[in-house]
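Coordinates in review
One-letter residues, chain by chain:
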Amino acid sequence: MQLIADSLLLAATIGAAIYCYVLAARLRRFTTLETGMGGAIAVLSAQVDDMTKALEKAQGVAGASERRLEDLTARADVLAKRLELMVASLHDIPEPAPRPTEAEPPEEYYRRLRFVRRRSPREPIEAAE
């Protein structure tokens with residue numbers, strides 16, 4: 001019985017050794033950089049590094065564009081307010097008088113052009129407020 005147990009133990013050991021040898025050969029082929037998964041992993045790792053650099057560059061450009069857009073928007077707001085004030089001040093300008101015709105002498109035309117400004121009846125204190 002001892003002999004049978006020893007022979008089975010020897011057979012199991014030889015089988016395990018062959019299995020380990022085959023597994024080591026497969027693992028060696030799997031990790032070679034030229035043809036195996038190691039090469040694919042190395043290529044993918046390099047691509048991930050390139051994409052990370054491109055993403056960082058794009059984020060920098062987007063941040064600069066965002067700041068520039070905010071500055072331009074602020075300038076546009078200021079200019080829009082100034083333009084509104086200018087348009088509001090145009091309402092105070094009187095309508096232009098008609099040009100003199102041949103039937104009307106220029107002296108009478110210029111005599112008709114008279115601009116009169118009247119002061120508002122406000123008190124000076126109210127105007128200061």
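Presented here is an overview of the structure given in this document.

Basis of the calculations
- Residues numbered from 1 in each chain as written.
- Predicted model: local features only at pLDDT ≥ 70, side-chain atom pairs only at ≥ 80, totals over all residues.
- Heavy atoms only, no water.
- Helix = DSSP H or I, 4+ residues; strand = E, 2+ residues; numbered from the N terminus.
- Buried < 20%, exposed > 50% of the residue type's maximum accessible area, 1.4 Å probe, protein only.
- Areas by Shrake-Rupley, 256 points an atom, 1.4 Å probe, with all protein chains shown as cover.
- Patch = residues over 30% accessible without salt bridge, like charges linked within 9 Å, V, L, I, M, F, W, Y side chains within 5 Å.
- Salt bridge = Lys/Arg side-chain N within 4 Å of Asp/Glu carboxyl O.

Thoughts on the overall build of the protein chain
For the protein chain, the count of helices and strands is four helices and zero strands. Along the protein chain, helices (α) and strands (β) appear in the sequence α-α-α-α when read from the amino end. Relative to its 129 residues, the protein chain shows a buried fraction of 4%. Surface summary for the protein chain: the accessible area is close to 12700 Å², and the carbon and sulfur share equals 63%.

Focus: a nonpolar patch on the surface
A cluster of nonpolar side chains, namely Leu10, Ile14, Ile18, Tyr21 and Val22, defines an oily patch on the protein surface of about 530 Å² accessible area. One can find Ile18 in helix α1 (residues 2–30).

Thoughts on the environment of Leu27
Relative to the assigned elements, Leu27 resides in helix α1. Sequence spacing of Leu27 and Met37 is ten residues, and the spatial spacing of their C-alpha atoms is 9.9 Å.

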